[in-house]
Amino acid sequence: MNFAIETNGLSKFYSQVRAVDSVNLRVKPGEIYGFIGLNGAGKTTTIRALLGMIRPSAGSVQVLGQQVGPNGRGPWSRVGHLVEQPAAYPELTVRENLEIAHRLHHIPDKNATARVIEQLALAAYADRKAGILSTGNLQRLGLARALLHEPELLILDEPANGLDPAGVVEIRELLARLAHEKGVTVFMSSHILTEVDRLATRIGIIHKGRLIEELDAEKLEALRSHRLEIRTRDLQAAQRALAKAGFAAKANESTIFLNDARAIATPEEAATILVNAGTPPFRLAVEQEDLENYFLRLTGEKT
Amino acid sequence: MNVFLSAFWAESLKAHRSKISLLTTIGFLILPLAGGLFMIILKNPEQARAMGLISTKAQLTVGVADWQAFFGMLSQGIAAGGAIVFALITSWVFGREFSDHTAKELLALPTPRWVIVGAKFGLIALWILGLALLIFVVGLGVGTAVDIPGWSLALGWSSFWTVLLTTLLNFMLMPLVAWFASMGRGYLPPLGWTILAMVFANIFSVLGWGDWFPWAVPVLTSMMYGTRAQDIGLHSYVSVALTFIAGLILTFHWWRSADQSR
């Protein structure tokens, strides 16, 4: 098995709408794959197709080396999933909801439910009805259900949705641990790009149904633009001095930006110029474009 | 078998914890209790008037106070009321997966979808049978307490089988309700369909074609001792069986193949 997930020309059309258009995904075992896109870009439709919940209009889907087909055929005992908003039977407790998943997954380990309750910090809510859980705890329940059978592959749609900041960090660390220690492949969609940025080893960007970019985290690092940011007491004098030295300086109300490769490579040169001009910088830093800006630039949402 | 039992256990737990199991039981229990009240009134209408149980202007022409009339009331109640209550149960068992957005948790599992659908039908069958038996047993108790005349073991048995047959026929109409709940992703489409089917059942019965219309067959069957009994024949049961098969095929096929995009 070369890929944990492989799609070839995966397409889904709803009448005239091309929800997903010729998507070729390749997710290697052990990878944490961040799947990002705007609302309506086709993330959830792709995830539903990966899980055999919708029939592709064209193309094929292979998950863990097995063709995903009609009648829910697929390697589902080895796959954990969370699709869109987590759902649970409201009149059942957290434990009972997990017991149902436990039975339907035919898990031989009798302690599996207790283990995920502990793992997802749900012990205090284990006997509470799911209908009165907060969004964050409902999300934890959804993640617990995805992890219950210790799957080789996790397909998670917005796993950080509804979690508080501490919960976001906790889930990020849990997913990273599963990938690094147990070799679990994680395919996660998210619109919280900082989360994807911190966690993913590979990123796919989907826009208007098409996979417009797929790259490793290292390559993304290189592709992101850098700039030198300078803050000083007299912006106009500083800008004049930098221009005189041949730098193309842009500025807003508080900061000067230098995009030249020379400025990024030797920021001390710019510092010397400013000191000599009598406007020493009180902040000078080479900043890397974040994933959010890269994404917006790539999708044309921001120039 | 273990796979089916696991799915059946899951469905039973959902039903057990829901309020609908209690509500349908209480709702259906009105039937033997109301039947008992009618028997008291029919046994002695003047005394009932004096006690204020009925208006002095009431004209009671529904029949005589005996076990045959009482059983007739029960089986007709199970046939007509059951069509609504059983459809409510079926709509809940299938439709709640969509209104609670839990259907997506049932699709990518090692338990095949057809097993889950089969377990749902198994639960509905047992639930419906349990309700019908409860009504019959409570009816026997109420009838004995009210001291209705005209009891015979043969009548008791034949009424019991009529109740079972009526319940079975009603159950056989449920797969189509399940399909409406699945396709319509909720409660309203199947309940709308049930009301429409009941309206048409009445129209067809009035026109004299009820024996050909599956949704009229359970009520006509429940009148085995009435004047309409002669209408029911093999063709009536075949129409119900065809509806049953069509409902099963549609529901299983829908769960197997339909896009689950919500």
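Residues numbered from 1 in each chain as written. Chains lettered and ligands numbered in written order. Predicted model: local features only at pLDDT ≥ 70, side-chain atom pairs only at ≥ 80, totals over all residues. Heavy atoms only, no water.

*Asks:* Would you mind going over the packing of aromatic side chains with me for this structure?
*Replies:* Ring pairs (aromatic) are described by centroid distance and by the angle formed between their planes. All names here are of chain B. As enumerated under the stated definition, the model contains 29 aromatic pairs over all chains in all. Ring plane angle 70° and centroid distance 5.2 Å describe the contact between tryptophan 67 and tryptophan 151, whose orientation is recorded as edge-to-face. Of this pair, tryptophan 67 sits in helix 4 (residues 67-99) while tryptophan 151 sits in the loop between helix 5 (113-146) and helix 6 (153-172), placing them 84 residues apart in sequence. Residue classification places tryptophan 67 among the buried residues on the basis of a relative accessible area of 4%. By relative accessible area, which is 45% here, tryptophan 151 ends up partly exposed. Geometrically, the ring pair formed by phenylalanine 94 and tryptophan 255 is edge-to-face, given 6.4 Å between the ring centres and 65° between the ring planes. Taken as a pair, phenylalanine 94 in helix 4 and tryptophan 255 in helix 10 (residues 234-257) lie far apart in primary sequence, 161 residues in all. (Phe/Tyr/Trp six-rings, centres within 6.5 Å; stacked < 30°, edge-to-face > 60°. Helix = DSSP H or I, 4+ residues; strand = E, 2+ residues; numbered from the N terminus. Buried < 20%, exposed > 50% of the residue type's maximum accessible area, 1.4 Å probe, protein only.)

*Asks:* Help me understand the interface of chain A and chain B in this model?
*Replies:* Of the residues lining the interface, 30 residues belong to chain A; the matching set on chain B comes to 31 residues. Between the two partners, chain A and chain B, sit 3 salt bridges. Two residues, arginine 17 of chain B and glutamate 96 of chain A, come together in a salt bridge whose shortest N-O distance is 2.5 Å. Linking chain A to chain B there are 9 residue pairs in polar contact (both at pLDDT 80 or more). Where the side of chain A that touches chain B is concerned, the elements lending two or more residues are strand 1 (5-14) and helix 2 (94-104) of chain A. Residue composition of the side of chain A that touches chain B, by class: 14 nonpolar, 8 polar and 8 charged. (Contact = heavy atoms within 4.5 Å. Salt bridge = Lys/Arg side-chain N within 4 Å of Asp/Glu carboxyl O. Polar contact = N/O pair within 3.5 Å; in protein donor to acceptor, adjacent residues only side chain to side chain. Nonpolar A, V, L, I, M, F, W, Y, C, P; charged D, E, K, R; others polar.)

*Asks:* Would you mind showing me how to read the domain arrangement of chain A here?
*Replies:* Reports of interface size often rely on the accessible area that becomes lost once the parts have come together. Residues and elements named next belong to chain A. Along its sequence, chain A is organised into domain 1 (5-222) and domain 2 (224-299). Look at where the C-alpha atoms of domain 1 and domain 2 centre, and you get two points 41 Å apart. Between domain 1 and domain 2, the contact holds 15 residues from the first and 9 residues from the second. Both sides together, the interface formed by domain 1 and domain 2 hides about 1100 Å², and carbon and sulfur atoms give 64% of it. For the pair domain 1 and domain 2, the number of links is 0 salt bridges. Of all the secondary structure elements, the ones that give two or more residues to the side of domain 1 that touches domain 2 are strand 4 (32-37), helix 6 (193-199), strand 10 (202-207), strand 11 (210-216) and helix 7 (217-223). Broken down by class, the residue content of the side of domain 1 that touches domain 2 amounts to 10 nonpolar, 2 polar and 3 charged. (Domains from an automatic or database assignment. Buried area = accessible area lost by both parts, 1.4 Å probe.)

*Asks:* Please explain the pairing of strand 4 of chain A as it appears in this structure.
*Replies:* Regular strands place their side chains on alternate faces of the sheet. Residue and element names in this part refer to chain A. Within strand 4, 6 of the 6 residues are buried, leaving the element largely enclosed by the surrounding structure. Because side chains alternate across strand 4, one face comprises the buried residues Ile32, Gly34 and Ile36, and the other comprises Tyr33, Phe35 and Gly37, equally buried. Two elements, strand 4 and strand 9 (residues 185-190), share 5 bridges in a ladder whose sense is parallel. Within the sheet, the bridge partner assigned to isoleucine 32 lies in strand 9 and is valine 186. Pairing analysis gives 5 bridges linking strand 4 to strand 10, with the strands arranged parallel. Bridging from a neighbouring strand, tyrosine 33 pairs with arginine 202 of strand 10. (Pairing = 2+ DSSP bridges.)

*Asks:* Quick question: what am I supposed to make of helix 2 (residues 19-43) of chain B here?
*Replies:* An α-helical turn contains 3.6 residues, so any two residues separated by three or four positions project in the same direction. Residue and element names in this part refer to chain B. Here helix 2 is 25 residues long and its end C-alpha atoms lie 37 Å apart, about the 36 Å a rise of 1.5 Å per residue gives. What helix 2 keeps buried is the set Ile20, Ser21, Thr24, Phe28, Pro32, Gly35, Gly36, Met39, Ile41 and Leu42. The N-cap residue of helix 2 is serine 18: its side-chain oxygen and the backbone nitrogen of isoleucine 20 are 3.4 Å apart. (Expected span 1.5 Å × (residues − 1).)

*Asks:* In this structure, what is going on with the nonpolar core? I would like to understand it.
*Replies:* Considering soluble globular proteins, one finds that nonpolar side chains tend to be buried as a cluster. Core analysis: the biggest nonpolar cluster contains 104 residues, and Leu51, Ile155 and Phe187 of chain A together with Phe94 and Trp127 of chain B have the highest contact counts within it. A per-element tally of this core places helix 5 of chain B first, with 15 residues. Contacts of phenylalanine 94 of chain B, omitting those with residues within four sequence positions, involve Val117, Lys120, Phe121, Ile124, Ala178, Ala181, Ser182, Thr251 and Trp255 of chain B. One finds Leu82, Leu122, Val168 and Leu220 of chain A within the second-largest nonpolar core, a separate group that totals 47 residues. (Core = buried A, V, L, I, M, F, W, Y, C linked by side-chain atoms within 4.5 Å.)

*Asks:* Can you walk me through the pairing of strand 12 (residues 226-232) of chain A in this structure?
*Replies:* Residues and elements named next belong to chain A. Summarising the sheet, strand 12 and strand 15 (residues 281-288) pair through 7 bridges and their orientation is antiparallel. Each bridged residue has a counterpart across the sheet, and for glutamate 229 the counterpart in strand 15 is alanine 285. By the bridge criterion, 3 bridges tie strand 12 to strand 14 (residues 256-258) in an arrangement that is antiparallel. The residue bridging glutamate 229 from the neighbouring strand is phenylalanine 257, located in strand 14.

*Asks:* Got a minute to help me understand the packing of helix 7 (residues 174-183) of chain B against helix 8 (residues 188-207) of chain B in this structure?
*Replies:* Any two packed helices are characterised by the angle at which their axes cross and by the distance between the axes. All names here are of chain B. Contact geometry for helix 7 and helix 8: axes closest at 7 Å, N-to-C directions at 140°. Judged by the inter-axis angle, helix 7 sits oblique to helix 8. By crossing handedness, the relation of helix 7 to helix 8 is classed as right-handed. Residue-level contacts link Leu176, Val177, Phe180 and Ala181 of helix 7 to Pro189, Pro190, Trp193 and Thr194 of helix 8. Considering only residue class, the contact of helix 7 with helix 8 consists of 7 nonpolar, 1 polar and no charged. (Axes fitted to C-alpha atoms, helices over the stretch in contact; angles between N-to-C directions. Parallel < 35°, antiparallel > 145°, perpendicular 65-115°, else oblique. Left-handed = near helix turned anticlockwise from the far one by under 90°.)

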